[in-house]
Amino acid sequence: MTAAADPTRDPVVRIDALTAEYRTRRGVVRALDEVSLDVRPGELLAIVGESGSGKSTLSQAIGRLLPRACRLVSGTVRVLERDVAALDDAGIRRLRREQLGFIPQDPIASLDPTMRIGRQLHLAIAPLGRPTDRATLVSLLESVRIADPERALGLFPHEVSGGMAQRIAIAMAMAREPRILVADEPTGSLDAQVREEILDLIVRLTRESGASLIWVSHDLGAVRRWCERVCVMHRGRIVEEGPVSEVLTDPSHPYTRTLLAALPSAPAPAADGPDEGTETT
Ligand SMILES: Nc1ncnc2c1ncn2[C@@H]1O[C@H](COP(=O)(O)OP(=O)(O)OP(=O)(O)O)[C@@H](O)[C@H]1O
């Protein structure tokens, strides 16, 4: 548990018996089935499960970012005590802007291809009332360990690697000082070494800021190395949930055992991740 994580404080996210369905041409697909989950202040929570188990739907529901085809059938999502379904459009935008940070799956696609990185950073932080001078933008890029930030500000998205694009997306998300970070497979498009560097960065910044991290992942090995609590999803339900050290060592649900058995070579749990380093890509 991080220094900031405190089970006695109110959850920052409280999901209660949430059921969600997609309307498709083939009929109705139940993506979430009575899902309940609390996220505590400052904790690193992983949501794992096979493809189609409902992880993305659950993480999108936190920001009321579900696609039109998805309908909430029942249940509630409360973020910092606010029922997100009850907020008006201005209210949900404010909640997303001020309290929630989203780290994208495909960082290059999340950037505007027509605009230099410096301009995009400027536009991302100007609405927050922060200074947007060059020195501030440089220090923002330094905080995500971009080796040559001056140069990076002048680049277009197609000129940066996936790893650098993800660092930029993380810088944009963290500039808002969110209380809750949602990262849906943030390293899915990156190679193995960059993946570890990006996870190290996300975890370090989350810890430093005291935010809570909700990290959707397929990678049980990485979850074991980086997270404190894990919730295992299967067919739209949470089938097991608890400390990583327990669930991924001595799982009680057969589905979790199946997931673990599919892990090529399970690395031993580590108290801390790899050493810090600067961008290599
Ligand atoms: N836009 C959509 N339209 C119709 N069905 C959808 C849509 N998005 C998701 N689904 C269905 O909802 C269920 C849950 O999908 P979801 O994407 O939440 O799972 P997931 O665990 O995040 O999967 P993955 O790991 O592949 O991203 C699946 O059956 C999926 O096919």
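As recorded in an unreviewed UniProt entry, the protein chain goes by the name ABC transporter ATP-binding protein, listed as coming from Leucobacter weissii. In the Sequence similarities (unreviewed entry) part of its UniProt record, the protein chain is described as follows: "Belongs to the ABC transporter superfamily."

**Student:** A description of the packing of helix 4 (residues 117-125) against helix 5 (residues 134-143) should follow, citing residues and the corresponding values.
**Tutor:** With their axes 10 Å apart at the nearest point, helix 4 and helix 5 run at an angle of 95° to one another. Between helix 4 and helix 5, the crossing angle belongs to the class labelled roughly perpendicular. Together, G118, L121, H122 and I125 of helix 4 and T136, L137, L140 and L141 of helix 5 make up the contact between the two elements. Considered class by class, the residues forming the contact of helix 4 with helix 5 number 5 nonpolar, 3 polar and no charged.

**Student:** Can you explain the UniProt feature "domain: ABC transporter" (unreviewed entry) in the protein chain? Please cite residues and give values.
**Tutor:** The UniProt entry lists residues 13-260 under the feature "domain: ABC transporter" (unreviewed entry), expressed in the numbering used here. Taken end to end, residues 13-260 is 39% helix and 28% strand, and its first and last C-alpha atoms sit 27 Å apart.

**Student:** An account of the site of the ligand is requested, with residue identities and associated values reported.
**Tutor:** The full set close to the ligand counts 13 residues, and S51, G52, K55, S56 and T57 are the nearest of them. Here S53 contributes a backbone N or O atom positioned 3.0 Å from an oxygen atom of the ligand. In this structure, an oxygen atom belonging to the ligand sits 2.8 Å away from a main-chain N or O atom of S56. Coverage of the ligand by the protein chains reaches 65% of its 630 Å² of free accessible surface. Broken down by secondary-structure element, the contributors of at least two residues to the shell around the ligand are strand 1 (13-24), strand 2 (27-39) and helix 1 (55-62). With 3 residues, the single largest contributor to the shell around the ligand is helix 1. Class assignment of the residues belonging to the shell around the ligand gives a composition of 3 nonpolar, 8 polar and 2 charged.

**Student:** If you had to explain the sheet that holds strand 6 (residues 100-103) to someone new, which residues and values would you point to?
**Tutor:** Reading across from one edge, 6-7-8-3-9-10 is the order of the 6 strands in this open sheet, with mixed pairing throughout. Among the strands making up the open sheet, the edge pair consists of strand 6 and strand 10 (237-243). Going across the sheet, the axis of each strand differs from the next one's by a mean of 15°, ignoring polarity. Against the sheet, helix 7 (residues 162-175) touches strand 6 and strand 7 (180-184), its axis set at about 175° to strand 6.

**Student:** Account for helix 1, naming residues and giving values.
**Tutor:** The buried fraction of helix 1 amounts to 6 of the 8 residues, a majority that puts the element mostly inside the structure. For helix 1, the full list of buried residues reads K55, T57, L58, S59, A61 and I62. Positive phi shows up at R64, right after helix 1, with a value of about 50°.

**Student:** I'd like to hear about the sheet that holds strand 4 (residues 70-79), residue by residue, with values.
**Tutor:** Strands sit in the order 2-1-4-5 across an open sheet of 4 strands; the sheet is antiparallel. What marks the edges here is a single partner per strand, and that holds for strand 2 and strand 5 (82-83).

**Student:** Which residues make up the nonpolar core, and what values do they have?
**Tutor:** Formed by 54 residues in total, the largest nonpolar core has its most connected members in I170, W215 and V223. Of the residues forming this core, the biggest block, 9 residues, is contributed by helix 7. The contacts of I170, once residues within four sequence positions are left out, are I103, V144, I198, L201, I202 and L205. Listed in part, the 31 residues of the second largest apolar core include A20, A61, V79 and L80.

**Student:** Could you give an account of the packing of helix 7 against helix 8 (residues 192-209), naming the residues involved and the relevant values?
**Tutor:** Relative to each other, helix 7 and helix 8 sit at 10°, their axes nearing to 10 Å. On the basis of their axis angle, the class for helix 7 and helix 8 is roughly parallel. Of helix 8, the residues touching helix 7 (which contributes G163, Q166, R167, I170 and M174) are V194, E197, I198, L201, I202, L205, T206 and S209.

Thresholds, definitions, all that
- Residues numbered from 1 in each chain as written.
- Predicted model: local features only at pLDDT ≥ 70, side-chain atom pairs only at ≥ 80, totals over all residues.
- Heavy atoms only, no water.
- UniProt positions renumbered as here; feature names shortened; annotations may be inferred.
- Axes fitted to C-alpha atoms, helices over the stretch in contact; angles between N-to-C directions.
- Helix = DSSP H or I, 4+ residues; strand = E, 2+ residues; numbered from the N terminus.
- Parallel < 35°, antiparallel > 145°, perpendicular 65-115°, else oblique.
- Contact = heavy atoms within 4.5 Å.
- Nonpolar A, V, L, I, M, F, W, Y, C, P; charged D, E, K, R; others polar.
- Near = heavy atom within 4 Å.
- Polar contact = N/O pair within 3.5 Å; in protein donor to acceptor, adjacent residues only side chain to side chain.
- Areas by Shrake-Rupley, 256 points an atom, 1.4 Å probe, with all protein chains shown as cover.
- Pairing = 2+ DSSP bridges.
- Buried < 20%, exposed > 50% of the residue type's maximum accessible area, 1.4 Å probe, protein only.
- Core = buried A, V, L, I, M, F, W, Y, C linked by side-chain atoms within 4.5 Å.

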